[in-house]
Amino acid sequence: MRSLTYALIATTALAGPVVADALHDAAVEQFKPLPSTLPALNDNTVTPEKIALGKALFFDPRLSASGVFSCYSCHNLTTGGDDNMETSVGHGWQKGPRNAPTALNAVLNEAQFWDGRADDLAAQAKGPVQAGVEMANTPDNVVATLSSMPDYVAWFAASFPDQADPVNFDNMAKAIEAFEATLLTPAPFDAYLNGDDNALTAEAKAGLQLFMDKGCSGCHSGVNVGGHGYYPFGLVEKPGAEVLPEGDKGRFKVTETASDEYVFRAAPLRNIALTAPYFHSGKVWDLNVAVEIMAESQLGESLKPEETAQIVAFLNSLTGTMPEVSLPVLPAETAGTPRPTTMVE
């Protein structure tokens, strides 16, 4: 927590001349710097005890039926908060249907998953644990596993002191959400928004200007430079079926509304330089190519090579400083801990 606070303070310090120009003024209207404190969560008070519990759960593979996969498996905090695969590998080495989004700054998103089917990170945490192609577990088995280890029982009691029976599936999800709320990554762009003119290079500033002028910020704005709003992929021109698979109709699966076919939540762009491959299909590995695809498919723009390079320079300014995260020491299993299974139903 202390390292996160120091990093956030660093982005607010005016290390260079104070910005007072049209570009900065326009940027401040469309974007917001990271908050200087942890964001408040819905019906979930964040405490040091809950963060510590959530960290242990985030790293614990015993939340999966096989005892192999943890939240960390698909959201590797050393590689941008995702797994750098087209689609994740889960239970029984099955491949998931979509590219894993980053866990970094995810607390700032309007909703979770590419189709926005989870309102918050607590709801999101429950999904992969139960998904047959991911962790393939059940709430009852998760609770039995956690309840079998005295340390976890004590940690849940400390994290939820007003509850008579705190070891439950909902509280597991809330603890993970509390830990993920700490995964904020202040970046040079935050320092620029807070007034440090030296925080961005001239090329990055040119890219920021293009990002706004071309209309990219129409979908990718706010504190997470995206992560809110739902838009058709292929608003002007649909990309090929490899980039936009015909079988994945996006938000339509959630709403069953025809107008939501191939509609997805706008991707948050913080740390985008670290999270290749791109798009829900995970088929594009080059950020320059991803930018050009978005310009053509969403804006009807054909970018010049120097324009692409400038926009990518701006996107690089969204790469932030990771909070220091030490590996937790997890409780040992007991005779009552459910045994792992690799069976695929």
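Scoring rules and cut-offs
- Residues numbered from 1 in each chain as written.
- Predicted model: local features only at pLDDT ≥ 70, side-chain atom pairs only at ≥ 80, totals over all residues.
- Heavy atoms only, no water.
- Helix = DSSP H or I, 4+ residues; strand = E, 2+ residues; numbered from the N terminus.
- Buried < 20%, exposed > 50% of the residue type's maximum accessible area, 1.4 Å probe, protein only.
- Contact = heavy atoms within 4.5 Å.
- Areas by Shrake-Rupley, 256 points an atom, 1.4 Å probe, with all protein chains shown as cover.
- Lys, Arg positive; Asp, Glu negative; His and termini not counted.
- Charge placed at Lys NZ, Arg CZ, Asp CG, Glu CD.
- Core = buried A, V, L, I, M, F, W, Y, C linked by side-chain atoms within 4.5 Å.
- Phe/Tyr/Trp six-rings, centres within 6.5 Å; stacked < 30°, edge-to-face > 60°.
- Lys NZ or Arg CZ within 6 Å of the ring centre and 35° of its normal.
- Arc of directions from axis to C-beta.
- Expected span 1.5 Å × (residues − 1).

K.L.:
Give me the lowdown on the overall build of the protein, citing residues and values where you can.
P.N.:
Across its full length, the protein holds 13 helices and two strands. Projected onto the principal axes, the alpha-carbon positions of the protein cover approximately 65 × 45 × 30 Å. Counting the 345 residues in the protein, one finds 51% classified as buried. Residue pairs in contact within the protein that sit at least 24 positions apart in sequence constitute 73% of those at least 6 positions apart. Total accessible area computed for the protein in this model is approximately 15400 Å², and 55% of it derives from carbon and sulfur atoms. For the protein, the centre of its 21 positive side-chain charges and the centre of its 42 negative side-chain charges are spaced 3 Å apart.

K.L.:
So what's going on with unusual backbone geometry? Which residues, and what values?
P.N.:
In this model, Ala276 is joined to Pro277 through a cis peptide bond whose omega is 5°. For Pro277, the position within the fold is in the loop between β2 (263–265) and α12 (287–299). For Asn84, which is not a glycine, the phi torsion comes out positive at approximately 55°. In this fold, Asn84 is placed in the loop between α4 (71–74) and α5 (121–130). Residue Asn84 is classed as partly exposed on the basis of its relative accessible area of 25%. Positive phi outside glycine occurs at Tyr262, with the angle close to 60°. Here Tyr262 shows up in the loop between α11 (252–255) and β2.

K.L.:
Run through the nonpolar core, naming residues and quoting values.
P.N.:
Judged by nonpolar contacts, the single largest core of 39 residues is most densely connected at Phe31, Phe189, Leu208, Phe211, Phe279 and Leu315. Going through the elements one at a time, α2 (22–30), α9 (188–193), α10 (202–213), α12 and α13 (305–316) are the ones with two or more residues in this core. Residues Cys71, Met149, Phe169 and Leu183 belong to the second largest nonpolar core, which totals 31 residues.

K.L.:
Would you mind going over the packing of aromatic side chains in detail, with residue names and values included?
P.N.:
Enumeration over the complete set of coordinates arrives at 14 aromatic pairs. Ring centres 6.4 Å apart and planes at 50° place the aromatic pair Phe31 and Phe314 in the tilted group. Of the two residues, Phe31 is situated in the loop between α2 and α3 (48–59) and Phe314 in helix α13; the sequence distance between them amounts to 283 residues. Accessibility expressed as a relative area gives 2% for Phe31, which makes it buried. Since its relative accessible area comes to 0%, Phe314 is described here as buried. Measuring from centroid to centroid gives 5.6 Å for Phe58 and Phe59, while their planes differ by 70°, and the two rings are edge-to-face. Phe59 carries the same exposure label as Phe58, and that label is buried. Among the aromatic residues, those joined into a ring-pair cluster are Phe31, Phe189, Tyr192, Phe211 and Phe314. For the cation-ring pair, Arg117 lies above Phe113, with the distance from its terminal atom to the ring centre recorded as 3.7 Å. Directly above the ring of Phe252 sits Lys249, whose terminal nitrogen or CZ lies 5.8 Å from the centroid.

K.L.:
Outline helix α7 (residues 150–159), supporting the account with residue identities and numerical values.
P.N.:
For α7, the set of buried residues is Tyr152, Phe156 and Ser159. The buried side chains of α7 occupy one side of the element, clustering within an arc of 65° when seen end-on.

K.L.:
Now, about α10: what can you tell me, with residues and values included?
P.N.:
Along its twelve residues, α10 runs 16 Å from first to last C-alpha, staying within 8% of the 16 Å computed at 1.5 Å per residue. The set of residues buried in α10 consists of Ala204, Gly207, Leu208, Leu210, Phe211 and Met212. Its buried side turned inward, α10 meets α2, α9 and α13. Two residues or fewer past α10, Gly215 is found with a positive phi of approximately 105°.

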